[in-house]
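Single-letter residue listing:
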Amino acid sequence: VLSYLESPSKGILIADEVGLGKTIEAGIIWTEIRARFDARRLLVVCPAMLREKWKSELAIRFGISAEILDARELYDFLKKDRQAIPDGKAIICSVQGIRPPKGWNNEAELGDNPRVALAKYLDNKCDEEPIVDMTIIDEAHYMRNPGSQNFTLGKLLRGISDGLVLLSATPVNLSNDDLYYLLNLADPDSFGVKSVFPQVLKANEPLQRARELCLNLNSSIADIRSLLEQAYSHLLLKKNKQLEALLSKDLNSFNLSNKGDRVSLANKIERINLLKNSVTRTRKAEVSEWRVIREPVVARIPLPEDSVEWRFYDGVTTAIRRYAWDNNISDGFLLSVPQRQVSSCMYAAAKAWKDNNFNTSEMVYEDLGYEYIRTENKSPLIREIVRDILPKIDLAELREHDSKYKGLKNSVFDFLSDQPKEKIIVFSYFRNTLHYLHERLEQDGLGSVVLVGGQNEPKHVLIERFKNDPKLRVLLSSEVASEGVD
């Protein structure tokens, strides 16, 4: 909240790691803005799959009534007089539903497209008084590409918003260019020259390391001082009065045997950071209270030679390599997806290929939340596997001798026997694996539910049903649960 209030452009990127409460932090900023000013219009833009989650979170945690709108409805809403908007009203839209289509700003006729009308309206309002008090963009990393329509949407929203809060757990995993373009959205005044940004990161690096050392109980004042002196030698920090004061007198006043002093020093260094008013980030390693203690156990399932599973895996691998060599293609690239399918579940992969029930465009939804259109998608490679390998494999035998399912079944039943009130989540990247596991667990008397992208039942409703129904013991989930599920 303080970083946002001190931001000269009223823009911030909240880059906390997954699970540390970015949604709540954004809500607290909006609550503070409403307490200080006559702020009435909050716009939340997020992937389509997270709209209901945002509506629920705003209502439960902040008492804010929210409405989910499409492009045409948002256009009509924004044209209303602000005094007609009830205090505390929020609007939620999906990125996919309101981003401008390609060519929206050309003279070419695009028909009665509400996204075009919305984009032109936002563009016309960019140089006027803000028409939105605050815009929150969740999963903002989808706007990191300056050539994309998502980025165009981000620029339009920045232009019509008094304040902008970007939420993303992943920007530090992206390239410097990606991070720059996100900060360019949050604070276009401070980050308007791309060529300077690498120097900002270089100047910040020793400050970041010094801050981390403060939280390391084994570090000394000398270690921290060395890094601060390194930072002070950089041209961008040479005249920084806070850093100068810290090095000349303040540093020696901190007692590093006291944890409180360590935290205070880390915060003081954080305030010197050149990105302090544009980025705030908390890492799980810094959170000590209520930390989840995980005890990973690797269950190794052997693949016996000369078994039906071995013959299938070896046959698929050989067929792919032969196809790659014949067509002068990298076999490593071609092997990746089919081998992952086979490693996930051999029977599910074989049956999907045989029935032509595998569509790679489904992965787009699992990764990005974009709707897919089912098309004929049996590639020449899969056709070759179906023709050359599947006739040699007995699907019933492959199902009967599914060693991974047997291992999973034993683990699940053993756990639930010891913990009869607990529930289990099983992740898989492939939908066919999940539906196969659902079928087999049901046959073995264990209630389960499947969560994948694009289902008719909203994600939050399905999860609530799983949580509250005592007969449902296992949640079978794809990558779609990696966003917006607490």
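Criteria and thresholds
Residues numbered from 1 in each chain as written. Predicted model: local features only at pLDDT ≥ 70, side-chain atom pairs only at ≥ 80, totals over all residues. Heavy atoms only, no water. Helix = DSSP H or I, 4+ residues; strand = E, 2+ residues; numbered from the N terminus. Buried < 20%, exposed > 50% of the residue type's maximum accessible area, 1.4 Å probe, protein only. Areas by Shrake-Rupley, 256 points an atom, 1.4 Å probe, with all protein chains shown as cover. Axes fitted to C-alpha atoms, helices over the stretch in contact; angles between N-to-C directions. Parallel < 35°, antiparallel > 145°, perpendicular 65-115°, else oblique. Left-handed = near helix turned anticlockwise from the far one by under 90°. Contact = heavy atoms within 4.5 Å. Phe/Tyr/Trp six-rings, centres within 6.5 Å; stacked < 30°, edge-to-face > 60°. 1 Å grid on protein atoms, 1.4 Å probe; cavity = no way out; pocket = protein on both sides within 12 Å on 5 of 7 lines; lining within 4 Å. Points joined across faces, edges and corners; volume = space filled by probe spheres on them. Nonpolar A, V, L, I, M, F, W, Y, C, P; charged D, E, K, R; others polar. Core = buried A, V, L, I, M, F, W, Y, C linked by side-chain atoms within 4.5 Å. Patch = residues over 30% accessible without salt bridge, like charges linked within 9 Å, V, L, I, M, F, W, Y side chains within 5 Å. Salt bridge = Lys/Arg side-chain N within 4 Å of Asp/Glu carboxyl O. Expected span 1.5 Å × (residues − 1). Polar contact = N/O pair within 3.5 Å; in protein donor to acceptor, adjacent residues only side chain to side chain. Pairing = 2+ DSSP bridges. pLDDT = per-residue confidence, 0-100.

## Comments concerning the overall build of the protein
- Within the protein, the regular secondary structure consists of 21 helices and ten strands.
- The proportion of buried residues among the 486 residues of the protein is 46%.
- When the accessible surface of the protein is totalled, it reaches about 25300 Å², and 50% of it is carbon and sulfur.

## Notes on the packing of helix H15 (residues 346-355) against helix H20 (residues 431-443)
- Put simply, H15 and H20 touch, their axes get as near as 9 Å, and they point 115 degrees apart. Comparing the axis directions of H15 and H20 gives the class roughly perpendicular. Handedness of the H15/H20 crossing: right-handed. Residues Tyr-347, Ala-348 and Ala-352 of H15 pack against Asn-432, Thr-433 and Tyr-436 of H20.

## Some words on the packing of aromatic side chains
- Counting across every chain of the model gives nine aromatic pairs.
- Arranged with centres 5.2 Å apart and planes meeting at 70 degrees, the rings of Tyr-180 and Tyr-181 form a pair that is edge-to-face. The residues Tyr-180 and Tyr-181 share a single accessibility class, namely buried.
- A ring pair is formed by Tyr-180 and Phe-197, whose centres lie 5.6 Å apart and whose planes are at 55 degrees; its orientation type is tilted. Here the residue Tyr-180 occupies a position in helix H8 (residues 176-186), and Phe-197 occupies one in helix H9 (residues 197-214), the gap between them amounting to 17 residues.
- Its relative accessible area of 3% is what places Phe-197 among the buried residues.
- Among the aromatic side chains, those forming a connected cluster through ring pairs are Phe-151, Tyr-180, Tyr-181, Phe-191 and Phe-197.

## What about empty space enclosed by the protein?
- What the rule picks out here adds up to three cavities of 30 Å³ or more.
- Taken as a whole, the second largest cavity spans an internal volume of roughly 40 Å³.
- Lining of the second largest cavity is provided by Gln-341, Cys-345, Ala-348, Ala-349, Phe-430, Asn-432 and Thr-433.
- Those elements giving two or more residues to the lining of the second largest cavity turn out to be H15 and H20.
- Looking at the lining of the second largest cavity, its residues break down into four nonpolar, three polar and no charged.

## Re the nonpolar core
- Residues Leu-78 and Leu-122 are the most contacted members of the largest nonpolar core, which totals 44 residues.
- In this structure, Ala-319, Ile-382, Tyr-436 and Leu-476 belong to the second largest nonpolar core, which totals 36 residues.

## Topic: a nonpolar patch on the surface
- On the surface, Val-1, Ile-24 and Ile-28 cluster together to form a nonpolar patch covering roughly 210 Å² of accessible area.
- Topologically, Ile-24 is positioned in helix H2 (residues 22-36).

## Considerations on helix H13 (residues 308-326)
- Taking 1.5 Å per residue as the helical rise, H13 with its 19 residues ought to reach 27 Å, and the 27 Å between its terminal C-alpha atoms agrees with that figure.
- Where H13 is concerned, the buried positions are Val-308, Glu-309, Phe-312, Gly-315, Val-316, Thr-317, Ala-319, Ile-320, Tyr-323 and Ala-324.
- Following H13 by one or two positions, Asn-328 adopts a phi angle in the positive range, close to 55 degrees.

## Points about helix H6 (residues 114-125)
- With twelve residues, H6 ought to run about 16 Å at 1.5 Å a step, and its terminal C-alpha atoms sit 17 Å apart, in line with that.
- Contact partners of the buried residues in H6: helix H4 (71-78), helix H5 (95-98) and helix H7 (149-160).
- Looking at where H6 begins, the residue whose side-chain oxygen comes 2.9 Å from the main-chain nitrogen of Arg-115 is Asn-113.

## Overview of the sheet that holds strand S2 (residues 42-46)
- Here seven strands make up an open sheet; going across it, the order is S3-S4-S2-S5-S6-S1-S7 and the pairing parallel. Each end of this open sheet is capped by a strand with a single partner; those strands are strand S3 (66-68) and strand S7 (279-280).
- Pairing analysis gives four bridges linking S2 to strand S5 (residues 132-137), with the strands arranged parallel. Residue Leu-42 lies in a different strand from S5, and its bridge partner there is Met-134.
- Against the sheet, helix H3 (residues 51-62) touches S2, S3, strand S4 (90-94), S5 and strand S6 (161-167), its axis set at about 165 degrees to S4.

## Section: the pairing of strand S9 (residues 447-451)
- For S9, the buried fraction is high: five of the five residues fall into the buried class.
- With burial as the criterion, each face of S9 is covered, one bearing Gly-447, Val-449 and Leu-451 and the other bearing Ser-448 and Val-450.
- In the sheet, S9 pairs with strand S10 (residues 472-477) via five bridges, with the strands oriented parallel. Note on S10: the bridge partner recorded for Val-449 is Leu-475.

## Comments concerning the pattern of salt bridges
- Overall, the coordinates contain twelve salt bridges when judged by the stated rule.
- Between Glu-270 and Arg-211 there is a salt bridge, with its nearest N and O atoms 2.9 Å apart. Here Glu-270, found in helix H12 (residues 259-270), pairs with Arg-211, found in helix H9; they are 59 residues apart in sequence, far enough to count as distant.
- Across the pair Lys-467 and Glu-464 runs a salt bridge whose closest N-O atoms are separated by 3.3 Å. Here Glu-464 and Lys-467 lie together in helix H21 (residues 459-468), a separation of three residues that amounts to about one turn.

## Digging into the sheet that holds strand S8 (residues 424-427)
- One open sheet holds the three strands; their spatial order is S8-S10-S9, and the pairing between them is parallel. Since the sheet does not close on itself, it has two edges, and those belong to S8 and S9, each with one partner. Across the sheet, the mean angle from the axis of one strand to that of its neighbour is 25 degrees, orientation sign disregarded.
- Against the sheet, helix H19 (residues 403-418) contacts S8 and S10, and its axis sits at roughly 160 degrees relative to S8.
- Contacts between H20 and the sheet are confined to S8, S9 and S10, with S9 contributing the most and set at about 170 degrees to the helix.

## Some points on the environment of Phe-197
- Put simply, Phe-197 and Tyr-180 are 17 residues apart on the chain and 7.0 Å apart in space, counted from C-alpha to C-alpha.
- Once you skip the residues sitting within four places of it in the chain, Phe-197 turns out to touch Asn-176, Leu-179, Tyr-180, Leu-183, Phe-191 and Leu-275.

## Description of the environment of Gln-230
- Considering the arrangement of structural elements, one finds Gln-230 in helix H10 (residues 221-232).
- The residues contacting Gln-230, other than those within four sequence positions of it, are Pro-206 and Arg-209.

## Overview of the confidence of the model for the protein
- The share of residues in the protein with pLDDT of 70 or more is 90%, and the mean pLDDT across the chain is 84.
- Across residues 361-376, confidence stays below pLDDT 50; counting only partners more than four residues off in sequence or on other chains, it has 40 contacts.

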